[in-house]
Amino acid sequence: MSLLALLKQKDILNVLFAVFMFSFGFGIILPLLPFYSISFGATPFELGLLTATFAFMSLVFSPIFGKISDKVGRKKVLGLGAGGFIVAYVIFAFANSLQMLFIARAIEGICAAAMFPSAVSLLSDFSDEKNRGAMMSLMSMAFSLGFILGPAFGGIASSFSIQGAFLLAALLALLNSASIFLFLKEPQEKEESKGIVEKEMGFLAHIKSRTLLLFIATFMLSFMIGSLEATFALFTSEKFGFGSGQVGVVFTYIGILIFFGQMVSAKLLLKHKETSLIKVGFLLNSTGFLGIFFAPDMITLGLTLALMVFGNALCFPSVISLITKKAHAKRGTILGLNSSFQSLGQLIGPIFSGFLFGLGHIFSFAGVWGALIVFLMVFAGFEYLNKRF
């Protein structure tokens, strides 16, 4: 089935719209939050903790909401997750202390943990195995489109009122939640094997299974992104003299790259094996990540970022596609577990990279690059030994 044919399905469009609205609202506050936090006296270390709070809460609650979505339905969990962002953004808007920002950030993490496994599960239920990789690419495209537009709207809104920007994000969250409950249809759960349910409900079963390698792939991708988020602004400020405005432009550029990268990867997933795309993707993103350090000018920096982003565009939907194909039963539980690995990467990446960055800029970039290359070698080795997915 072509991408156009998938987009003609109303239920799929409704889920993609929910993802877009979440990303758009989240994008509005993304460039504002560091400066907003500093206005409450936050130190650089506290800014790191604020980022880690989101990741930690997502890590804890993703498997919980995955199980809940399997029991009560994906639509309810998705809608409640979207509605929870209203609370978070309102707290941001009327915060009078740094502690309130931490509370709002924690609520954001919990709500994201509710939304993502549910959205992926819904898209998986609305598709078959053959089209699942393309479906995951469409989800990434919807997210990246919101990520492109959100920061731009946030910048405009904050020029009038930072509080107004947060309230705009809250309004979008309200519209998103209402749209989910009013227009999204809960799919009928597919027939599944009881024995496989018990296998896939257990974490220890996955520690001994090949699915663990896919979870680690998710961890590594998030680890790399978290590492870059922790050091990119400081690195470009020192090397190229970037300020917040230039960093914001780079985020928009990255969002555009993600969008078009997912368009390409969606087509590639219809023609090529996921394992092949994962290997090529890790080769590209690791090369691009290390290239950021050696970039002598902004043009080269843009090229290395493009290389990294395109590698990620190949990896993310391919990994999710393989996981959903293996999750023959209780898919929400498995995707919740995968989201936990993603959150763990977002939690550890900034700490790892920030520590090495303090020792020397090259150590940060080389350390992450080395970790990516080691994983690529392990992944390729498993396939070579015929332990295929």
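Refer to the structure printed above.
These numbers were taken from a predicted model, which means no experiment stands behind them. (Residues numbered from 1 in each chain as written. Predicted model: local features only at pLDDT ≥ 70, side-chain atom pairs only at ≥ 80, totals over all residues. Heavy atoms only, no water.)

As for the pattern of salt bridges
Logical step 1: For the coordinates displayed, the defined rule picks out two salt bridges.
Logical step 2: Between lysine 185 and aspartate 11 there is a salt bridge, and its shortest N-O distance comes to 3.4 Å. Residue lysine 185 is found in the loop between helix 8 (162-183) and helix 9 (194-201), and its partner aspartate 11 is found in helix 2 (residues 10-29); the two are separated by 174 residues along the sequence.
Logical step 3: Given the relative accessible area of 48%, lysine 185 is considered partly exposed. (Salt bridge = Lys/Arg side-chain N within 4 Å of Asp/Glu carboxyl O. Helix = DSSP H or I, 4+ residues; strand = E, 2+ residues; numbered from the N terminus. Buried < 20%, exposed > 50% of the residue type's maximum accessible area, 1.4 Å probe, protein only.)

Details of the nonpolar core
Logical step 1: Leu78, Phe85, Tyr89, Phe92 and Leu123 are the most contacted members of the largest nonpolar core, which totals 55 residues.
Logical step 2: Ranked by residues supplied to this core, first place goes to helix 2 with 12 residues.
Logical step 3: For leucine 78, the residues in contact, after removing those within four places along its chain, are Ala18, Met115, Ser118, Ala119, Leu122, Ile180 and Leu184.
Logical step 4: In terms of nonpolar packing, the next biggest core, distinct from the first, is built from 43 residues, Phe289, Val309, Ile334 and Leu376 among them. (Core = buried A, V, L, I, M, F, W, Y, C linked by side-chain atoms within 4.5 Å. Contact = heavy atoms within 4.5 Å.)

Here's the deal with the packing of helix 5 (residues 74-93) against helix 8
Logical step 1: Here helix 5 crosses helix 8 at 165 degrees, and the two axes come no closer than 8 Å. Compared by their axis directions, helix 5 and helix 8 come out roughly antiparallel. Considering how the two elements wind past one another, helix 5 and helix 8 form a crossing that is left-handed. (Axes fitted to C-alpha atoms, helices over the stretch in contact; angles between N-to-C directions. Parallel < 35°, antiparallel > 145°, perpendicular 65-115°, else oblique. Left-handed = near helix turned anticlockwise from the far one by under 90°.)

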